[in-house]
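# Breakdown of the fold
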Amino acid sequence: MAQQSVPPTPTNFAVWFEYSLGSSLALRKTIDILVAGKRKFDAATNHELYITYVAPQSGADPFGDLPEQLSGLIETAQQFLNTAVTDNRTHIKALGEVSSEAAATSDPRTIIAKLVDELSKATARAATLEANFAATSEELDSIRDSLKAAEQRSNTDALTGLANRHSMDEFLRLAQIAAMEKDEPLSVFLIDIDHFKKFNDDYGHQVGDQVLRLVAKVLQEGVREVDLAARYGGEELIAVLPGADLQACTAVAERIRRRIAEAKLTRRATGKEIGSITVSIGVSQFRLAESAEAMIERCDRGLYQAKRLGRNRTVTETELEPEAGAA
């Protein structure tokens, strides 16, 4: 901290303590990049590092506990193995007894009969064990498929089919690190459906859901495979565009805004066309070492400025009103 002229405040100490521990790979990479780039650790940068990487994070891990089914399956497999070990010991002991008898008798027929009997028992035990493990393997496959499906559900918004907020947060965190490491741009845009409450009030929540799904579909189709489209919350959707600067991101946002305004929505029950749908959009570009919250906050200000200016438009961070930009 002294080498980088970082004031020894409690929050700064917490950041650099985590850095020295190495428990957060993301924090270590971020600070290493800042040091290599001779970035000054001013008050704003230190605050963003604390908020982004050290401050308590909310949200539960959906896979924090091992599923009971998987625990039971492991216990069953252990029982199979214990039984196999016991059977193997019994088999070895029986073969030892046969060997002792063979040394004491001159009649090979008795020895052969006992050997055949023991081999028959061993074959039967092996067949049973194989069948048990085959059944266990099938159950494991089923659990694996269930876990994959659960993971997919945990990362996907059920209504729109887009990534959910949790998945977006993780994607954006990794995208920020990659942008700093590669010295590449990273931009985001935030979409809010204009007069969304009116759709719900006039036509009911089912139509409101239909509007959300339509906007989500246009958004998903309008971004690249390397980008992420997500539901940010309520009627707000967000897109994260790695490698795109503010100008490129604004062009994508504008194209999507126009496509939404041109889309036609009809009521499924009656086939009657509903009024046009428009959206307001705010766009911002990542600044070195800033938190995701700070970048999205500029998007949010741009979005609400678009609404104040009449809705159905895109406003970038460079177009923010002076009083909003100074806030």
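Overview of the structure. One numbering rule holds for all chains: residues counted from 1, following each sequence as written. At least 70 in pLDDT is required for a residue's local features to be given in this predicted model, at least 80 for side-chain atom pairs to be given and counted, and no such filter applies to totals for whole chains, interfaces and linings, which use all residues. Values reported for side chains reflect all heavy atoms of the structure, with hydrogen atoms and water molecules removed beforehand.

## Regarding the pattern of salt bridges
Salt bridge criterion: a side-chain nitrogen from Lys or Arg within 4 Å of a carboxyl oxygen from Asp or Glu. Under the criterion given, the structure shown has 17 salt bridges. A salt bridge links Arg287 to Glu317; the shortest N-O distance between them is 4.0 Å. Note that Arg287 is positioned in the loop between β6 (279–285) and α10 (292–308) and Glu317 in the loop between β7 (314–316) and α11 (322–325), a separation of 30 residues in sequence. Burial classes follow relative accessibility: with a 1.4 Å probe on protein chains only, a residue under 20% of its type's maximum area counts as buried, one over 50% as exposed, and anything between as partly exposed. According to the relative accessible area criterion, Arg287 is partly exposed, its value standing at 44%. Of the charged contacts, one joins Glu297 and Arg301 as a salt bridge, the two residues approaching to 2.6 Å between their closest N and O atoms. Linking Glu297 with Arg301, this pair stays in helix α10, spanning four residues, or about one helical turn. What makes Glu297 partly exposed here is its relative accessible area of 38%. Arg301 gets classed as buried once you look at its relative accessible area, which sits at 17%. One connected set of salt bridges, linked through shared partners, spans Arg287, Glu290, Arg298 and Glu317. Helix numbering and strand numbering both begin at the N terminus, where a helix is a DSSP run of H or I of at least 4 residues and a strand a DSSP run of E of at least 2.

## Points about the sheet that holds β6
Paired through backbone hydrogen bonds, the strands of a sheet run either parallel or antiparallel to each other. For two strands to be treated as a pair, DSSP must find no fewer than two bridges joining them. On the basis of which strands lie adjacent, the open sheet formed by five strands has the order β2-β3-β1-β6-β7 and mixed pairing. The two strands at the open ends of the sheet, each matched to only one other strand, are β2 (228–233) and β7. Neighbour to neighbour, the strand axes of the sheet diverge by 20° on average, direction disregarded. Here three bridges tie β6 to β7, and the two strands are oriented parallel to one another. Each residue of the ladder has a partner; that of Val283, found in β7, is Thr316. Contacts are assigned to residue pairs that have any heavy atoms within 4.5 Å of one another. The axes used here are C-alpha line fits, helices contributing only the stretch in contact, and every angle between their N-to-C directions lies in the interval 0 to 180 degrees. Its contacts with the sheet place α10 against β1 (186–193), β2, β3 (236–242), β6 and β7, and it is angled at close to 145° to β6.

## Remarks on the packing of aromatic side chains
Each aromatic pair joins two rings of Phe, Tyr and Trp (for Trp, the six-membered one) with centres within 6.5 Å, and gets the label stacked for planes under 30 degrees apart, edge-to-face for over 60, and tilted for any other angle. For the structure on display, the rule yields three aromatic pairs. On the numbers, 5.4 Å between centres and 65° between planes, the contact of Trp16 with Phe41 is edge-to-face. Of this pair, Trp16 sits in helix α1 (residues 10–21) while Phe41 sits in the loop between α2 (25–36) and α3 (43–54), placing them 25 residues apart in sequence. A relative accessible area of 12% places Trp16 in the buried class. Connected via pairs of aromatic rings, a cluster forms that spans Trp16, Tyr19 and Phe41. A ring is scored as having a charge over it whenever the NZ atom of a lysine or the CZ atom of an arginine sits within 6 Å of its centre and within 35 degrees of its normal. Just above the ring of Tyr19 sits the side chain of Arg28; from NZ or CZ to the centre is 4.7 Å. One Lys or Arg, Arg165, reaches over the ring of Tyr232 and ends 4.0 Å from the middle of that ring.

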